[in-house]
Amino acid sequence: TGPMRNFGITKKVTSRIGSVLGISGAKKLKDLQDFHLAEDPHKIPLLFMADVIHGYRTIYPVPLGIGASFDEELAERCSAMAAKEASVGGIHVTFAPMTDLVRDARWGRCMETTGEDPYLNSKMAQAMVNSYLNECRLRQIEGEITLRKIKIPNYSKYTLQDYFDGMIEDVEEILIERLKISFK
């Protein structure tokens, strides 16, 4: 039903998807998961994902504003509440925090970062990531959550070099250092 039919998406195709972005509400997600598992030949559950850059249901200041406050505790509290709301709402993966170093205001998503300074960005990211991980630990019923080694995809390096047009000499070093601090 709905727009799927207009795009030629069949029931068979939907039974083979692995993730869903942009649907909210625990009941909707549960119903979709039940439908998917009934149709999926491998019985692999869907991952539900959401852009939770500055809140899920409760909306907080944009990350650029939180970064301007230099208040790591504020960043952690806002992220903790967003993580809890998203988790209760059935979301498995959040696209937050966004830790790009934005030094060119022409980029349309510059308000999603906490700033242009690598140290400030890493400290804010550390506070935000910790709050998301704490929520994961609180919601974990059994088993153990493991963080895998972080891989910096090649496209990230090249994309940043395109954005900064040579302003940053060693983009990869900045990315690695920033992410190391975020996950300490």
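Within any chain, residue numbers begin from 1 and follow the written order of that chain's sequence. Totals for whole chains, interfaces and linings use every residue, but because this is a predicted model, local features are given only for residues with pLDDT of at least 70 and side-chain atom pairs only at 80 or more, for both listing and counting. Neither water nor hydrogens contribute to the side-chain values; these are computed over all heavy atoms in the structure.

S.K.: How do you make sense of the sheet that holds strand β1 (residues 19-21) when you look at a structure like this?
M.R.: Two orientations exist for strands paired in a sheet by backbone hydrogen bonds: parallel and antiparallel. Here the rule is simple: two strands pair whenever DSSP picks up at least two bridges between them. Under the scheme used here, helices are H or I runs from DSSP no shorter than 4 residues and strands are E runs no shorter than 2 residues, and both carry numbers assigned from the N terminus. The 3 strands are arranged β1-β2-β3 in an open sheet whose pairing can be described as parallel. Because the sheet does not close on itself, it has two edges, and the strands there are β1 and β3 (93-94). Pairing of strand β2 (residues 47-50) with β3 involves 2 bridges; the strand directions are parallel. Looking at the pairing, Met49 lines up with Val93 of β3.

S.K.: Got a minute to help me understand empty space enclosed by the protein in this structure?
M.R.: Gaps left between atoms are located by rolling a probe of water-molecule size over the structure's atoms. Using protein atoms alone on a 1 Å grid, points that fit a 1.4 Å probe yet trap it form a cavity, whereas open point sets bounded by protein on both sides within 12 Å along at least five of seven lines form a pocket; residues with an atom within 4 Å of a point count as lining. Grid points are joined across faces, edges and corners, and a volume is the space filled by probe spheres set on the points. Scanning all chains against the criterion turns up 2 cavities of 30 Å³ or more. Estimates place the volume of the largest cavity at around 90 Å³. Taken together, 16 residues make up the lining of the largest cavity; nearest its centre are Ile53, His54, Gly55, Ser79 and Met128. Those elements that provide at least two residues to the lining of the largest cavity are α4 (63-69), α5 (72-88) and α6 (118-139). If you tally residues by element for the lining of the largest cavity, the top one is α5, at 4 residues. Residue classes follow a fixed rule: Ala, Val, Leu, Ile, Met, Phe, Trp, Tyr, Cys and Pro count as nonpolar, while Asp, Glu, Lys and Arg count as charged, and any other residue, Gly among them, counts as polar. Class assignment of the residues belonging to the lining of the largest cavity gives a composition of 13 nonpolar, 3 polar and no charged.

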